[in-house]
Amino acid sequence: MAKNLLIVESPAKAKTIEGYLGKDFTVKSSYGHIRDLVKSDDAIDVANGFVQKYEVPADKKQVVSELKKLAKEADIVWLASDEDREGEAISWHLFETLGLKDASTRRIVFHEITKPAILKAIETPRKIDYNLVNAQQARRVLDRLVGFELSPVLWKKIKPSLSAGRVQSVAVRLIVEREREINKFKPEAAYRTVAVFTTGKNKEIFKAELPNRFIRQSDAESFLNDCADAVFKISSLETRPSKRSPAAPFTTSTLQQEASRKLSFSVSRTMALAQRLYEAGKITYMRTDSVNLSDTALDAASKEITSAYGGNYYQFRKYKTKSAGAQEAHEAIRPTYFNQHTTDGDPAEIRLYELIWKRAIASQMSEALFEKTTAKISVSTRKEELVANGEVLRFDGFLKVYLESSDDEEENKLDDSSDNAILPPLTKGQQLNLRDLNATERFSRPPARNTEASLVKKLEELGIGRPSTYAPTISTIQNRGYVIKEDREGKPRNYTVLTLQDKTVVKEQKSEITGAEKSKLFPTDIGAVVNDFLVQHFNGIVDFHFTAGVEKQFDEIAQGLEDWTKMLKKFYDPFHQEVEETIKTADRASGERELGIDPKSGKKITVRIGRYGPFVQIGEAAEGEEKPAYASLRSGQMIETITLEEALELFKLPKKIGVFEDEVMTVAIGKFGPYIRHNGAFYSLPKDIDPLDADEKIGIEIIENKRKADAEKLIKSFAEDEAMRIENGRWGPYIKYGKLNVKIPKGKEPEELTYADCKALAEIAEKEPKKFSKKFAKTAEKEPKKPAKKSVKESKKPVKKFARKK
């Protein structure tokens, strides 16, 4: 038996490290956390220093049993979990659960999984850092206290199965408040004036723009008229050098942002891919808020840049971390070997690796050098001057490898740029020829909705959360149904274009699509209602400054500057009193709005949250009166913004749209969107068809298209049992028997299978034990599960204070 047992968090990491160490080491994985707080109310004893009660989950008992056995047989146990606070806590849990001794236990950390890094870590072991453990304990306990005490309040005052959390609730508030800013925004129009000039020489054409915009159409029209007989001259010409510097290497936050912009990856996908690259020894640790590079990395980058691009492309830089709440002195995210420009494996992993490589190598490259030229053009009939800008790249520097993206790029695409890549040779006093001149009506834009990446950026700016919490926070608010990420179509908007043609101003009406969104975060109605309730009754919990302040306190605990139990006690006592007071005094919240009066019945129309989601109601459920009419809101509609007219439209469904094959076709909206019901079957409406516009012709076409697609999908059916079918699936032919899908063995032709063959294969599949895939990952990278639904009876129980021992 090996003298040394080294324990890491994941099997992939264990496999990589095992190849670096000799036969004296056994490398095993803990598969993430090996224990967690018990689910009952006595998990935390608030009266006795917030002592926690832990348990080993059923799926980890075998892992713990094996590790205990190996630990007893080993002379030394090396705890090599990740280097952040959560990793330190995992090492502590292993130490406690496995019953390890100080004398025979070593704690090691490393930034990268390479042989030199692993061997160096083994040469310089340390003890478990209990300051880091306490900081993680404080976060875990505080988040459990907030979640377990707030959630039952929401069940009682809004609806069952809701949850709240310290960081997730602040993230939802950011999304809700941004949506309200957008809804309140009133666009203002102004006219943007752009001219196209020629010098008289062949192909020497360039654009110029009026710096100021005209608010009134009449002023824009007047300017164009005055230009009809004007003389245009270069009044001033300025050429100056400029330069652009590369961005710092990636932190967790900036990697998530850039992978979203450049690769369209979600935050959780980016972190899952980065975890795999790290565990395979290809990049350094991926949860960090440091932009620092080690001396070894700086030396390797210098050699690679000089070798691949030449000495003039290298420029040494030492970046400093700006984040005030930055955790331990980690390195930035970088490739472990700079001479490996790409990698092998999954295409998504390759794309992310190349992004990390480019960003890191560019950070040590020369500045890009430009020459900017600005020409001002006088108008003989006006005092205003037009301005033309041009830019020439003189030396590409780091741009040879990488250019950082920004969240504003898509927004800026909406306005045609008047900048020129290069201006023709110009001289002061030179007269120009006007080729085109127009003034286009442009509108001010509302604040941009958040993407996952821009929300991470905002959380980081506010000091809320840490590298390990960004991805799970964004996953949680979507899993809970408080926020939805989706594309939304824009709406047409008319605008005016004034053009000077043959010394006459011509007016033209054009149309554009405005408000279209791609992969943006929108609050749901339940998200808005929960947010408002928390802001009203628990403002401290969702206050940006409070949440950021808590993060700073965690940092101080990690540095040994604050006692974690005192910090929790100071928070918990007033918080619990607030919970009890809210249970007693707060009214139920439903976000109810009165929209107006139904013109047909004269009854009041309201909209609010119900147990199954937002709905519109006509009339009231008073005893002896006619039962109210109800209609669910459609996708994209919200309680706060739906109008009376839109609400009345909802009651036009379901509606009969015609007859097909002697059966009525009815269009309606269900849980999964609009559909047509015909002869007991359901057919989904395409997204581009409004259910109110659906008619008999459209209905027949949808039904026939679906039948045709189903027929092409079907390979074979059997008279003996209609439920038994052989179909074409995404991964090839398979047997479908009720809810059972059965793989067809290799060498068997689907068309040749008999009913008896299929029946036998189905029976074998039913008897086989179901396989469950275990995903072992750090809690920070797991997407939290939705809470189990509780009955109304359960939800009315008073909030229990966590165990207090007498």
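Keep in mind it's a predicted model, so treat the numbers as computed, not measured.

What counts and what doesn't
Residues numbered from 1 in each chain as written. Predicted model: local features only at pLDDT ≥ 70, side-chain atom pairs only at ≥ 80, totals over all residues. Heavy atoms only, no water. Core = buried A, V, L, I, M, F, W, Y, C linked by side-chain atoms within 4.5 Å. Buried < 20%, exposed > 50% of the residue type's maximum accessible area, 1.4 Å probe, protein only. Helix = DSSP H or I, 4+ residues; strand = E, 2+ residues; numbered from the N terminus. Contact = heavy atoms within 4.5 Å. Pairing = 2+ DSSP bridges. Axes fitted to C-alpha atoms, helices over the stretch in contact; angles between N-to-C directions. Phe/Tyr/Trp six-rings, centres within 6.5 Å; stacked < 30°, edge-to-face > 60°. Lys NZ or Arg CZ within 6 Å of the ring centre and 35° of its normal. Left-handed = near helix turned anticlockwise from the far one by under 90°. Salt bridge = Lys/Arg side-chain N within 4 Å of Asp/Glu carboxyl O.

Chemist: Got a minute to help me understand the nonpolar core in this structure?
Modeler: Among soluble globular proteins, nonpolar side chains are generally buried collectively. In this structure, Leu-6 and Leu-352 are the most contacted members of the largest nonpolar core, which totals 150 residues. Ranked by the residues each element gives to this core, the list is headed by helix H5 (residues 130–157), at 12 residues. Residues within four places of Leu-6 in sequence aside, it is in contact with Ile-17, Leu-21, Phe-25, Thr-26, Val-27, Lys-28, Trp-78, Ala-80, Ile-108 and Ile-122. Core analysis: the second largest hydrophobic core is formed by 28 residues, Leu-210, Leu-423, Leu-432 and Leu-437 among them.

Chemist: Explanation requested: the sheet that holds strand S28 (residues 724–729) in the structure shown.
Modeler: Across the sheet, which stays open at both edges, the four strands sit in the order S27-S28-S29-S30 with antiparallel pairing between neighbours. Looking at the sheet topology across the chains shown, the edges are occupied by strand S27 (714–717) and strand S30 (740–743). Sheet twist, expressed as the mean angle between neighbouring strand axes with direction ignored, is 25°. Here three bridges tie S27 to S28, and the two strands are oriented antiparallel to one another. Looking at S28, one finds that Ser-717 is bridged to Arg-725.

Chemist: Quick question: what am I supposed to make of the packing of aromatic side chains here?
Modeler: Any aromatic ring pair is given by two values, namely how distant the centres are and how the planes are angled relative to each other. Scanning the model with the defined rule gives 15 aromatic pairs in all. Centroid distance Tyr-278 to Tyr-285: 5.3 Å. Interplanar angle 70°. Geometry classified as edge-to-face. Assessed through its relative accessible area of 1%, Tyr-278 is described here as buried. Classification of Tyr-285 by relative accessible area gives buried; the value is 2%. Ring pairing ties together the aromatic residues Phe-538, Phe-546, Phe-571 and Phe-575, which thus form one cluster. We note Arg-35 situated over the ring of Tyr-54; from NZ or CZ to the ring centre the distance is 4.4 Å. When the ring centre of Trp-92 is taken as origin, the NZ or CZ atom of Arg-35, which lies over that ring, is 5.1 Å away.

Chemist: Just to check I follow, could you spell out the packing of H5 against helix H15 (residues 525–537) for this structure?
Modeler: Close contact between H5 and H15 brings their axes to 12 Å; oriented N to C, the two are set at 115°. Where H5 crosses over H15, the handedness of that crossing is right-handed. Mapping the contact onto sequence places Leu-150, Val-153, Leu-154 and Lys-157 in H5 and Val-530, Phe-533 and Leu-534 in H15.

Chemist: Hey, could you run me through the pattern of salt bridges in this one?
Modeler: Note that side chains of opposite charge can pair when their charged atoms are close. All chains considered together, the criterion is met by 53 salt bridges. Among the ionic pairs, Lys-318 bridges to Asp-295, the shortest N-O distance being 3.5 Å. In this pair, Lys-318 sits in the loop between helix H10 (295–309) and helix H11 (347–362) while Asp-295 sits in helix H10, placing the two residues 23 residues apart along the sequence. One connected set of salt bridges, linked through shared partners, spans Lys-13, Asp-82, Asp-84 and Arg-287.

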